[in-house]
Amino acid sequence: YFMTNNTADSPAVLLERRGSIAYVTLNQPENRNTLSRHLATELRDVLNRLHEDDTLKAAVLTGAGQDFSLGGSYDDFAEGMSRDLARLLEDIILGIVAAPIPFIAAINGQAAGAGMSLALACDLRVAEPRTKLNIAYGMIGASTDGGMSWFLPRYAGFSAATELLYTQPVLRAARAQELSLVHRVSEPGELNACAEQLAEQIAGSASHTVRAAKSMLAARYVVELEEHMHAEHEFFARGVLTEDFRNAVHAMQRGEIPSFD
C-alpha cells in the first residue's frame with residue numbers, strides 16, 4: 001500500500017496500485033468510514049496524488065469493513081466543524097469529478113449522507129444486494145451537501161429526484177439500479193470482483209480514449225457543479241445553526257433516533 005503521510009501506522013485512506021488501476025479504500029471501519037476531518041483530509045490528499053499520475057486509467061473507491069461510508073462525523077459536527085467538513089467535501093467531490101480518469105464506487109453496505117454524495121460523484125457505481133443508499137440528511141434536520149441535490153436529478157430524472165429529496169427513503173440496490181443510481185449489482189460476496197472486472201474493462205482501452213471520454217463528459221459539468229455546491233453549502237451552513245440540527249446531532253451521539261416537533 002502507498003500510505004498518506006498523516007498517520008503512518010494506521011492511515012485513514014489506503015491507496016494501492018495494480019497495473020494501471022488505483023484502488024482507494026476508506027480505512028476507518030471502526031467508525032464505519034464516517035467522513036471525519038482526518039479521513040476527509042487524507043482522501044483529498046490521495047485524490048490530488050492520483051491527478052498527478054498520467055499512467056493511470058481507472059480508480060476504484062470502496063470502504064473497509066461493513067460499510068462504504070456513513071457520511072459526516074457527528075462528533076465533528078458537535079465540535080463546530082461543519083463548515084470545515086463541507087469545504088473538504090466540496091474539494092473531494094470536485095477532485096473525483098474533475099479527475100482525468102474514471103472512478104468506480106464499489107458500494108459495500110451502506111452509503112449514507114455525504115457517503116452517498118461521495119458514491120454519486122464517481123463515474124460508475126457497483127453495488128451488492130445488501131447495499132443501501134441513504135440520503136439521511138433529514139434525519140438530523142440538515143440539507144444536502146456534496147452535490148447530492150445536483151447529482152440526483154441528472155441520474156434519476158427530475159421527477160424521481162423530487163420525491164427522493166422530499167421523502168429521503170433508504171434505497172436498496174435493486175431500486176437504486178432502477179433509478180440509474182447504480183450501474184451494476186454484483187452477486188453476494190462478489191462486489192470487489194465485479195468492480196475490478198469493470199475497472200479492467202476500462203483499463204483495456206487506450207489511455208487517450210479513456211481520458212478524453214472522461215474529460216468530455218465532465219467538462220460541461222464541473223463549473224456548474226462547483227457553483228451548485230457553493231449554494232448547497234450555504235443552505236447547509238444555515239441548517240447547522242438551527243436548534244433541530246443541534247438536538248438531532250446530540251441525539252445521534254447518544255444512539256437515539258432524533259425527532260422533530
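Everything below is about the structure shown above.
In this text the structure is predicted, and so the values were computed from the model without any measurement.

Visitor: Hey, could you run me through the overall build of the chain in this one?
Guide: Scanning the chain from N- to C-terminus turns up 11 helices and 10 strands. Compactness check: the chain gives a C-alpha radius of gyration of 17 Å against a globular reference of 18 Å for 261 residues, within 12% of the reference. With the C-alpha coordinates aligned to their principal axes, the bounding extent of the chain is approximately 55 × 45 × 40 Å. Residues counted as buried form 52% of the 261 residues belonging to the chain. Taking all contacts inside the chain whose residues are at least 6 apart in sequence as the whole, residues at least 24 apart take part in 74%. In the chain, the 22 positive side-chain charges and the 33 negative ones have mean positions that sit 3 Å from each other.

Visitor: How should helix 11 (residues 243–253) be read in this particular structure?
Guide: Along an α-helix, a turn takes 3.6 residues, which lines up residues three or four apart on a common side. For helix 11, every residue scored as buried is listed here: Phe245, Ala248, Val249, Ala251 and Met252. Viewed end-on, helix 11 has its buried residues packed into an arc of 160 degrees, placing them on one side of the element.

Visitor: How should I be thinking about the packing of helix 4 (residues 114–121) against helix 5 (residues 148–156) in this particular structure?
Guide: For any two helices packed against each other, the geometry is given by the interaxial angle and the distance between the axes. In the contact formed by helix 4 and helix 5, the axes pass within 10 Å of each other and the chain directions differ by 50 degrees. With respect to helix 5, the element helix 4 is oriented oblique. The crossing of helix 4 and helix 5 is left-handed. Seen from helix 4, the contacting residues are Met116, Ser117, Leu120 and Ala121; seen from helix 5, they are Met148, Phe151, Leu152 and Tyr155. Along the lines of polarity and charge, the residues of the contact of helix 4 with helix 5 split into 7 nonpolar, 1 polar and no charged.

Visitor: Help me understand the packing of aromatic side chains in this model?
Guide: Each aromatic ring pair is summarised here by two numbers: the centre-to-centre distance and the angle between the ring planes. For the coordinates displayed, the defined rule picks out 3 aromatic pairs. With 5.2 Å between their ring centres and 90 degrees between their planes, tryptophan 150 and phenylalanine 151 make a pair best called edge-to-face. On the accessibility criterion, phenylalanine 151 (1% relative accessible area) is buried. Between the aromatic rings of phenylalanine 236 and phenylalanine 245, the centroid separation amounts to 6.5 Å while the plane-to-plane angle is 75 degrees, which identifies the pairing as edge-to-face. One aromatic cluster is present, built from ring pairs that chain together Trp150, Phe151 and Tyr155. Just above the ring of phenylalanine 235 sits the side chain of arginine 238; from NZ or CZ to the centre is 4.9 Å.

Visitor: How should I be thinking about the layout of surface pockets in this particular structure?
Guide: Vacant regions in the atomic arrangement are exposed by a probe of water-molecule size rolled over the atoms. Estimates place the volume of the second largest pocket at around 510 Å³. Looking at the lining of the second largest pocket, the elements that each hand over two or more residues are strand 7 (124–127), helix 5 and helix 9 (207–219). A per-element tally of the lining of the second largest pocket places helix 9 first, with 7 residues. Considered class by class, the residues forming the lining of the second largest pocket number 15 nonpolar, 2 polar and 5 charged.

Visitor: Looking at this structure, I do not really get the sheet that holds strand 9 (residues 170–172). What am I missing?
Guide: Sheet strands associate in pairs through backbone hydrogen bonding, adopting either a parallel or an antiparallel arrangement. The mixed open sheet is built from 3 strands, whose spatial order is 6-8-9. Unpaired on one side and paired on the other, strand 6 (110–112) and strand 9 mark the two borders of the sheet. In this sheet, adjacent strand axes meet at a mean angle of 15 degrees when their direction is disregarded. Alignment of strand 8 (residues 132–134) against strand 9, held across 3 bridges, turns out to be antiparallel. Bridge pairing in strand 9 links leucine 133 to leucine 171.

Visitor: Before we go on, may I ask you to explain unusual backbone geometry in this structure?
Guide: Positive phi, close to 55 degrees, is recorded for asparagine 33, a residue that is not glycine. Inspection of the secondary structure assignment puts asparagine 33 in the loop between strand 3 (21–26) and helix 1 (37–51). According to the relative accessible area criterion, asparagine 33 is buried, its value standing at 0%. The backbone of serine 180 sits at a positive phi, close to 65 degrees, despite the residue not being glycine. Owing to a relative accessible area of 40%, serine 180 belongs among the partly exposed residues under this scheme.

Visitor: Where do I start with the pattern of salt bridges in this structure?
Guide: Should the charged atoms of two oppositely charged side chains come close, the side chains can pair. Counted according to the given criterion, the structure contains 11 salt bridges. As a salt-bridge pair, arginine 17 and aspartate 53 come within 2.7 Å of each other at their nearest N and O atoms. With arginine 17 in strand 2 (residues 13–18) and aspartate 53 in the loop between helix 1 and strand 4 (58–63), the pair connects residues that are 36 residues apart, well separated along the chain. Of the charged contacts, one joins arginine 175 and glutamate 178 as a salt bridge, the two residues approaching to 3.0 Å between their closest N and O atoms. You can see arginine 175 and its partner glutamate 178 sitting in helix 7 (residues 173–178), 3 residues apart, about one turn around the helix. Taking relative accessible area as the criterion, glutamate 178 reaches 58% and is therefore assigned exposed. Several salt bridges share partner residues, and in doing so they unite Glu16, Arg18 and Glu196 into one network.

Scoring rules and cut-offs
Residues numbered from 1 in each chain as written. Predicted model: local features only at pLDDT ≥ 70, side-chain atom pairs only at ≥ 80, totals over all residues. Heavy atoms only, no water. Helix = DSSP H or I, 4+ residues; strand = E, 2+ residues; numbered from the N terminus. Rg over C-alpha atoms; globule rule 2.2 N^0.38 Å. Buried < 20%, exposed > 50% of the residue type's maximum accessible area, 1.4 Å probe, protein only. Contact = heavy atoms within 4.5 Å. Lys, Arg positive; Asp, Glu negative; His and termini not counted. Charge placed at Lys NZ, Arg CZ, Asp CG, Glu CD. Arc of directions from axis to C-beta. Axes fitted to C-alpha atoms, helices over the stretch in contact; angles between N-to-C directions. Parallel < 35°, antiparallel > 145°, perpendicular 65-115°, else oblique. Left-handed = near helix turned anticlockwise from the far one by under 90°. Nonpolar A, V, L, I, M, F, W, Y, C, P; charged D, E, K, R; others polar. Phe/Tyr/Trp six-rings, centres within 6.5 Å; stacked < 30°, edge-to-face > 60°. Lys NZ or Arg CZ within 6 Å of the ring centre and 35° of its normal. 1 Å grid on protein atoms, 1.4 Å probe; cavity = no way out; pocket = protein on both sides within 12 Å on 5 of 7 lines; lining within 4 Å. Points joined across faces, edges and corners; volume = space filled by probe spheres on them. Pairing = 2+ DSSP bridges. Salt bridge = Lys/Arg side-chain N within 4 Å of Asp/Glu carboxyl O.

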